[in-house]
2 protein chains.
Amino acid sequence: MTNKPPSKQDQYHQKRMQRKKAQIDASIAKADIEKGVMLVVTGNGKGKSTSAFGMVARALGHGLRVGVCQFIKSRTDTGEEAFFRQQENVEWHVLGDGFTWDTQDRQGDIDSAKRGWQVAETMLQDSRFDLVVLDELTYLLSLDYLDKEPVLSALAKRPAQQHVVVTGRSAIVELKDMADTVSDIRDEKHAYTSGIKAQQGVDW
Amino acid sequence: MTNKPPSKQDQYHQKRMQRKKAQIDASIAKADIEKGVMLVVTGNGKGKSTSAFGMVARALGHGLRVGVCQFIKSRTDTGEEAFFRQQENVEWHVLGDGFTWDTQDRQGDIDSAKRGWQVAETMLQDSRFDLVVLDELTYLLSLDYLDKEPVLSALAKRPAQQHVVVTGRSAIVELKDMADTVSDIRDEKHAYTSGIKAQQGVDW
């Protein structure tokens, strides 16, 4: 690329990177377990469901089979649904009635949660699903719409190679304890609070 | 769903949700600006690139046109690339040589960054792209591989309706200041540190 001799900064960089590479190679060698992982993506920031949909794309690219359960949410005109419904190897269910402040009907929300959970539970028992996305599941537990025990038990007993992603704010501690990976997305800034409308292709 | 009279808990819930709905409706009414937004997804947690790929899916579902530039990363066997390359309306570029600790060649990395940036800059001048993903761009600035000024200027001057997502750790403050939305993904727990291998369909 260049014929200049390496500068002092370049030499320092190389030494530091040699040390870093040795550390990283050692930890990669140590990480040798292959199994279905459980990821929880929580927090008040933007990107929770979106990152689950990114994983759906990634999984489909490897020829895996994916099931998606959207709890709480009721809209069926989203870009993600339109897009993934055209693809092979995806089963997509919209199972909610809207956010609690829209429905204003706690008992109705609980009934929906229970019906929705049956769909999820079936996927968690079916090893043909390589990845199961439980979008907004956290609310069903934090709002006591579902009993914890059967949900945690179904997650624990899922097929050994099945990956599962749970998204939503306020994940209960039991979900995080069970998860292999927990990402907490913090809202440092949100377009919405500066008066910018929810945008097609960005927010839905 | 049920014929039981509403319980005290249900009544309390309804009152609280009526107040919440009024607040939310008011803030939705206030958010009426439509424009291309800039999102920065940063932090040390899992889900940054993945959430950008979720946005790609979402945008494609609305018939939008998407450009993706992957800096730093050099692997071309990822699920996301395999998947999105099959789709219409996506242009995908892998522009990196690997992480700095793998290449151990600072000057080579800088040369790659400069070549890659030219591809990105062309997209940021092209209003036919509705969404541009600049995956791992943050490193090119935090490591001083690129000068800040031309990068920030190209982002600022992009077409008014074009959305852009910038991902990567350690986003510099100027990027965050310019962004409409900033999500900071924190690593609460990562499968990798418990000895679990990077998994096909989850991590790549």
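Quantities reported herein were computed from a predicted structural model and do not represent experimental measurements.

Caption draft 1: Structural context of the packing of helix α5 (residues 106-124) of chain B against helix α7 (residues 148-156) of chain B. Residue and element names in this part refer to chain B. Between α5 and α7, the shortest axis-to-axis distance is 9 Å and the interhelical angle comes to 25 degrees. Here α5 is positioned roughly parallel relative to α7, judged by the angle of their axes. Seen along the crossing, α5 lies across α7 with a hand that is left-handed. Contacts between α5 and α7 involve Trp117, Glu121 and Leu124 on the former and, on the latter, Pro150, Val151, Ala154 and Leu155. Of the residues contributing to the contact of α5 with α7, the split by class is six nonpolar, no polar and one charged.

Caption draft 2: Expanded view of the packing of aromatic side chains. Tallied over the entire structure, the rule returns nine aromatic pairs over all chains. Aromatic pair phenylalanine 83 of chain A and phenylalanine 83 of chain B: ring centres 5.8 Å apart, planes at 85 degrees, arrangement edge-to-face. Of the two residues, phenylalanine 83 of chain A is situated in helix α3 (residues 79-85) and phenylalanine 83 of chain B in helix α3 (residues 79-85); the pairing between them involves two chains. Just as phenylalanine 83 of chain A is buried, phenylalanine 83 of chain B falls in that class too. Ring plane angle 20 degrees and centroid distance 6.3 Å describe the contact between phenylalanine 83 of chain A and phenylalanine 84 of chain B, whose orientation is recorded as stacked.

Caption draft 3: Structural view of the environment of lysine 73 of chain A. Residues and elements named next belong to chain A. Position of lysine 73 relative to the elements: it lies in the loop between β2 (66-70) and α3. According to the relative accessible area criterion, lysine 73 is buried, its value standing at 18%. A C-alpha to C-alpha distance of 4.8 Å links lysine 73 and glycine 96, two positions 23 residues apart in sequence. Among all residues touching lysine 73, those that are not within four sequence positions of it are Ser49, Val94, Leu95, Gly96, Asp97, Gly98, Asp135 and Glu136. In this structure the side chain of lysine 73 is engaged in a polar contact, spanning 2.9 Å, whose partner is the side chain of serine 49. A polar side-chain atom of lysine 73 sits 2.9 Å from a polar atom in the side chain of aspartate 135.

Caption draft 4: Representation of the environment of aspartate 105 of chain A within the structure. Residue and element names in this part refer to chain A. Relative to the helices and strands, aspartate 105 resides in the loop between α4 (100-103) and α5 (106-124). Take aspartate 105: its relative accessible area is 37%, and that puts it in the partly exposed class. A distance of 3.0 Å separates a polar side-chain atom of aspartate 105 from the backbone nitrogen of glycine 108.

Caption draft 5: Expanded view of the interface of chain A and chain B. In this assembly, 84 residues from chain A lie in contact with 84 residues from chain B. Taking both partners together, chain A and chain B bury about 7,600 Å²; carbon and sulfur atoms supply 56% of that area. Connecting chain A to chain B are eight salt bridges. The shortest N-O distance in the salt bridge between lysine 176 of chain B and glutamate 188 of chain A comes to 3.4 Å. Scanning the region where chain A abuts chain B turns up 43 residue pairs in polar contact (both at pLDDT 80 or more). Mapped onto the side of chain A that touches chain B, the elements with two or more residues apiece are α1 (8-30), α2 (48-61), α3, α4, α5, α8 (173-178) and β6 (181-189) of chain A. Residue contributions to the side of chain A that touches chain B peak at 12 residues, all from α1 of chain A. Taken together, the residues that form the side of chain A that touches chain B break down as 28 nonpolar, 29 polar and 27 charged.

Caption draft 6: Structural context of the relation of the copies chain A and chain B. Overlay of chain A on chain B (RMSD 0.0 Å): rotation 180 degrees, translation along the axis 0.0 Å. The superposition operator between the copies reduces to a two-fold rotation axis. Taken as a fraction of all interface residues of chain A, those also at the interface in chain B reach 100%, which identifies the copy contact as same-surface.

Caption draft 7: Main features of unusual backbone geometry. Positive phi values are uncommon outside glycine, yet glutamate 136 of chain A reaches one of about 70 degrees. Considering the arrangement of structural elements, one finds glutamate 136 of chain A in the loop between β4 (131-135) and α6 (137-142). In the Ramachandran plot, serine 170 of chain B falls in the positive-phi region, its phi being about 50 degrees despite a non-glycine side chain. Tracing the backbone shows serine 170 of chain B in the loop between β5 (163-167) and α8 (173-178).

Quick notes on the rules
- Residues numbered from 1 in each chain as written.
- Chains lettered and ligands numbered in written order.
- Predicted model: local features only at pLDDT ≥ 70, side-chain atom pairs only at ≥ 80, totals over all residues.
- Heavy atoms only, no water.
- Axes fitted to C-alpha atoms, helices over the stretch in contact; angles between N-to-C directions.
- Helix = DSSP H or I, 4+ residues; strand = E, 2+ residues; numbered from the N terminus.
- Parallel < 35°, antiparallel > 145°, perpendicular 65-115°, else oblique.
- Left-handed = near helix turned anticlockwise from the far one by under 90°.
- Contact = heavy atoms within 4.5 Å.
- Nonpolar A, V, L, I, M, F, W, Y, C, P; charged D, E, K, R; others polar.
- Phe/Tyr/Trp six-rings, centres within 6.5 Å; stacked < 30°, edge-to-face > 60°.
- Buried < 20%, exposed > 50% of the residue type's maximum accessible area, 1.4 Å probe, protein only.
- Polar contact = N/O pair within 3.5 Å; in protein donor to acceptor, adjacent residues only side chain to side chain.
- Buried area = accessible area lost by both parts, 1.4 Å probe.
- Salt bridge = Lys/Arg side-chain N within 4 Å of Asp/Glu carboxyl O.
- Least-squares fit on C-alpha atoms with pLDDT ≥ 70 in both.

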